[in-house]
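# A closer look at the structure
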Amino acid sequence: MKRSWSVYIASVALVLLMVAPAMSAEVAQGKTLKFDKDKMVILIEEYDLDITPQNKYGKSTGKELSFILKDALIGRTPEPGDIVRIAYTPSGQGNMAIRLMNVSKQDIMKK
């Protein structure tokens, strides 16, 4: 009985370890350049992770990234100039957003 219990626990652990990488997503943060509500597409200027008192969201990398928001969970609606954080999965169709968080609007809500 002890052996079958150990095999069961080891099997469950193995399955969880194999599935965990498949559930992960990429994350991007940056300033909203354009948000098309009809097409559900957003264009951002990507920021790096170099956070300083002068750049509390990071510095611009100079890259512009586009995301498809069709099936994404969206917090506060982004406007040009807002800082957003997007969890996404790259695919053949483009960057498919899973979740969009409007970081600059969240900061306003704290005050």
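Below: a short report on this structure. Remember, it's a predicted structure, so these values are computed and weren't measured experimentally.

Conventions adopted
Residues numbered from 1 in each chain as written. Predicted model: local features only at pLDDT ≥ 70, side-chain atom pairs only at ≥ 80, totals over all residues. Heavy atoms only, no water. Core = buried A, V, L, I, M, F, W, Y, C linked by side-chain atoms within 4.5 Å. Buried < 20%, exposed > 50% of the residue type's maximum accessible area, 1.4 Å probe, protein only. Helix = DSSP H or I, 4+ residues; strand = E, 2+ residues; numbered from the N terminus. Contact = heavy atoms within 4.5 Å.

This part takes up the nonpolar core. One finds I42, I44, F67, L69 and I86 to be the most contacted residues of the largest nonpolar core, which totals 13 residues. Mapped onto this core, the elements with two or more residues apiece are strand 1 (26–36), strand 2 (41–47), strand 3 (60–68), strand 5 (83–91) and strand 6 (94–102). Residue contributions to this core peak at three residues, all from strand 5. The contacts of F67, once residues within four sequence positions are left out, are A28, M40, V41, I42, I44, I86, Y88, N95 and A97.

Here we come to unusual backbone geometry. Within the chain, M40 stands out as a residue other than glycine whose phi angle is a positive 55°. With respect to the helices and strands, the residue M40 is situated in the loop between strand 1 and strand 2.

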